[in-house]
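Spelled out from the first residue to the last, the chains are:
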Amino acid sequence: MTVFFHIGSTKTGTTSIQQFLMQNRALLSDAGFVVPAFPGSDNHSRLAVYGHKEDYAPLDIRHGVKSPASRKNFCSDFEIDFLSLLGNAKKNVVLSSEHCFSLLHTKEEMQALYNLIARIGQDIKIIIYVRQQADFLMSQYSTNVITGRSTQITYPTKNSIEWHMDYFKILQAWESVFGKDQIVARIFDREKLHERDVVRDFCKVIGIPDAIVAQARMPERLNESLDFQTIEFLRLFNEHCPRLIEKKINPARSNIGGVLQSLSNKRRPRLPKKIFQRLQREMEDSNKKFRERYIDGVREDPFDWSEKENTRSVQPLELDQAFRLFVRVWAAKVKEGREGGDKTGNQEGEEWNA
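Residues numbered from 1 in each chain as written. Predicted model: local features only at pLDDT ≥ 70, side-chain atom pairs only at ≥ 80, totals over all residues. Heavy atoms only, no water.

Undergrad: Just to check I follow, could you spell out the overall build of the protein chain for this structure?
TA: Tallying secondary structure elements over the protein chain gives 16 helices and 9 strands in all. Its C-alpha atoms give the protein chain a radius of gyration of 21 Å, within 12% of the compact-globule value 20 Å for 354 residues. With the principal axes as the frame, the protein chain shows a C-alpha extent of 65 × 50 × 45 Å. Across the protein chain, every contact between residues at least 6 apart in sequence was considered, and the portion connecting residues at least 24 apart equals 80%. Surface accessibility of the protein chain: about 17700 Å² in total, with carbon and sulfur atoms responsible for 49%. For the protein chain, the distance from the average position of its 52 positive side-chain charges to the average position of its 47 negative side-chain charges is 1 Å. (Helix = DSSP H or I, 4+ residues; strand = E, 2+ residues; numbered from the N terminus. Rg over C-alpha atoms; globule rule 2.2 N^0.38 Å. Contact = heavy atoms within 4.5 Å. Areas by Shrake-Rupley, 256 points an atom, 1.4 Å probe, with all protein chains shown as cover. Lys, Arg positive; Asp, Glu negative; His and termini not counted. Charge placed at Lys NZ, Arg CZ, Asp CG, Glu CD.)

Okay, here's the thing in structure tokens:
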């Protein structure tokens, strides 16, 4: 029996993988893969809360952990659930939460998870998907704008790079606890994924038979980014119509993020040139070490830093461009009203300050 522990990273199709696991829980069980629900119905976020020891993050608080006593009680209850429900598992166990990547930074935190997971199976595989850092930063910025950010993109802080983009250093910490042979690192790039799809790639990594994948329900594409114009339009919109008013969701926003996602021309935004080049230089040594340590048989940089044809740099909108977008948004909202409801979705998530 193997425990497959998918830790992320963020912005690498984790939601799609988790939706696939949740939607096909019964089918996967018949094929020998247990996807438990008690750590979280799809995202197993309780694993991250169990491991987290530093201060009290919003995720901790959402799970009722906001004091030493409540943390002790949470961990005790979670251990009971984990061992009673998975302790006698005869099938492979699949766990997934990108919060483990983004929230756990110390050896002590990772060790807490290892000590728990090792009690149900000694064969543990840590699965992580990573993407070229400039793409990651731009994708995260897009998500932040969708959820209310109004400031322009800036160069990431030292902590942001260390905790989210320095893949070599991050995996060194996980390796120190779980061991190198237990780490499976994959590049989040369509050209490098099995069948150009992260869900199918994940299935291949953990050994789900093709016949089972063929029967499975595949998730819709989620968390689509904005293009280089809609992202700037929404950022400016956020300045004048903030997401929160007195700590409550502003109803005047309606589903503006979802509308703009539906109108996006899919010409993806890219970082301003100076930020892009600086980030590439800063990550060069770490990426080389990451490649040599965790990506077998790859001699060149595993990440594509070339300028892609279907991208454009985020830049200020001209007045005519802004009005053209406004007209399209207005038409979409009128159509939505006639059809009777929100047809585009309304994504509201947590902001991560890049």
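Undergrad: Please clarify how the packing of aromatic side chains should be interpreted in this entry.
TA: For any pair of aromatic rings, the description consists of the separation of the ring centres together with the inter-plane angle of the planes. Taken as a whole and judged by the stated rule, the model has 16 aromatic pairs. With a centroid separation of 5.9 Å and an interplanar angle of 45°, the aromatic rings of Phe 38 and Phe 78 are classed as tilted. With Phe 38 in the loop between β2 (33-34) and α3 (45-51) and Phe 78 in helix α5 (residues 68-86), this residue pair connects regions lying 40 residues apart in the sequence. By way of ring pairs, the aromatic residues Phe 38, Tyr 50, Phe 74, Phe 78 and Phe 82 are connected into one cluster. Sitting above the plane of the Tyr 155 ring, Arg 278 keeps its charged end 3.6 Å from the centroid. (Phe/Tyr/Trp six-rings, centres within 6.5 Å; stacked < 30°, edge-to-face > 60°. Lys NZ or Arg CZ within 6 Å of the ring centre and 35° of its normal.)

Undergrad: What am I meant to see in the pattern of salt bridges here?
TA: Oppositely charged side chains can pair when the atoms bearing their charge come close. Scanning the entire structure with this criterion turns up 16 salt bridges. One salt bridge in this structure joins Asp 60 and Arg 71, with 3.5 Å as the shortest N-O distance. Of this pair, Asp 60 sits in helix α4 (residues 58-62) while Arg 71 sits in helix α5, and the two are 11 residues apart along the sequence. Assessed through its relative accessible area of 11%, Arg 71 is described here as buried. Put simply, Glu 239 and Arg 235 hold a salt bridge, and the shortest N to O gap is 3.0 Å. In this pair, Glu 239 and Arg 235 both sit in helix α13 (residues 230-240), 4 residues apart, roughly one turn of the helix. Its relative accessible area of 43% is what places Glu 239 among the partly exposed residues. Exposure remark for Arg 235: the relative accessible area of 5% places this residue in the buried category. Through salt bridges with shared partners, a single network forms among Glu 195, Asp 197 and Arg 200. (Salt bridge = Lys/Arg side-chain N within 4 Å of Asp/Glu carboxyl O. Buried < 20%, exposed > 50% of the residue type's maximum accessible area, 1.4 Å probe, protein only.)

Undergrad: What is the right way to look at the state of the cysteines in this model?
TA: Here a disulfide denotes one covalent bond, and it connects the sulfur atoms of two cysteines. Considering all chains together, one arrives at 0 disulfides under this definition. Between Cys 75, a cysteine without a disulfide, and Cys 100, which holds the nearest cysteine sulfur, the sulfur-to-sulfur distance is 13 Å. Between Cys 203, a cysteine without a disulfide, and Cys 100, which holds the nearest cysteine sulfur, the sulfur-to-sulfur distance is 20 Å. (Disulfide = S-S within 2.5 Å.)

Undergrad: Explanation requested: unusual backbone geometry in the structure shown.
TA: The bulk of non-glycine residues show a negative phi, and the bulk of peptide bonds are trans. Cis peptide bonds are those with omega within 30 degrees of zero, and the linkage from Gly 8 to Ser 9 qualifies with 5°. Note on placement: Ser 9 falls in the loop between β1 (2-8) and α1 (14-23). The backbone phi angle of Lys 11 is positive, close to 65°, even though this residue is not glycine. Note on placement: Lys 11 falls in the loop between β1 and α1. For Lys 11, a relative accessible area of 16% puts it in the buried group.

Undergrad: Can you help me understand the sheet that holds β1 in this one?
TA: Adjacent strands of a sheet pair through backbone hydrogen bonds, lying either parallel or antiparallel. Sheet architecture is open: 5 strands sit in the order β2-β3-β1-β4-β5, paired in parallel fashion. One side of each edge strand has no neighbouring strand; the edge strands of this open sheet are β2 and β5 (183-187). Two strands pair when backbone bridges link them, and β1 and strand β3 (residues 92-96) are joined in this way by 4 bridges, in the parallel orientation. Note on β3: the bridge partner recorded for Phe 5 is Leu 95. Each of β1, β3 and β4 (123-130) is contacted by helix α7 (residues 107-117), which is oriented at about 155° to β1, the strand it contacts most. Lying over the sheet, helix α11 (residues 198-206) contacts β1, β2, β3, β4 and β5, oriented at roughly 155° with respect to β4. (Pairing = 2+ DSSP bridges. Axes fitted to C-alpha atoms, helices over the stretch in contact; angles between N-to-C directions.)

Undergrad: Would you mind going over helix α15 (residues 273-294) with me for this structure?
TA: Since one α-helical turn is 3.6 residues long, residues separated by three or four positions face the same way. The largest bend in α15 is about 45°, located at Glu 284. Along α15, the residues that are buried comprise Ile 275, Phe 276, Leu 279, Met 283, Ser 286, Asn 287, Phe 290, Arg 291 and Tyr 294. Where α15 is buried, its residues contact β4, α8 (133-146), α9 (158-164), α10 (167-178) and β5. (Bend = angle between axes of the 7 residues up to and from the residue.)

Undergrad: I keep staring at the pairing of β5 and nothing clicks. Help me out?
TA: One face of the sheet, then the other: side chains in a regular strand alternate in exactly this way. Of the two faces of β5, the one lined by Ile 183, Ala 185 and Ile 187 is fully buried and the one lined by Val 184 and Arg 186 carries no buried residue. Note that β4 and β5 share 5 bridges and pair parallel. Looking at the pairing, Val 130 lines up with Ile 187 of β5.

Undergrad: Honestly, the pairing of β4 in this entry has me stumped. Any pointers?
TA: Burial analysis of β4 places 6 of its 8 residues in the buried class, which makes it a mostly covered element. The pairing of β1 with β4 spans 6 bridges and is classified as parallel. When the bridges of β4 are listed, Phe 4 appears paired with Lys 125.

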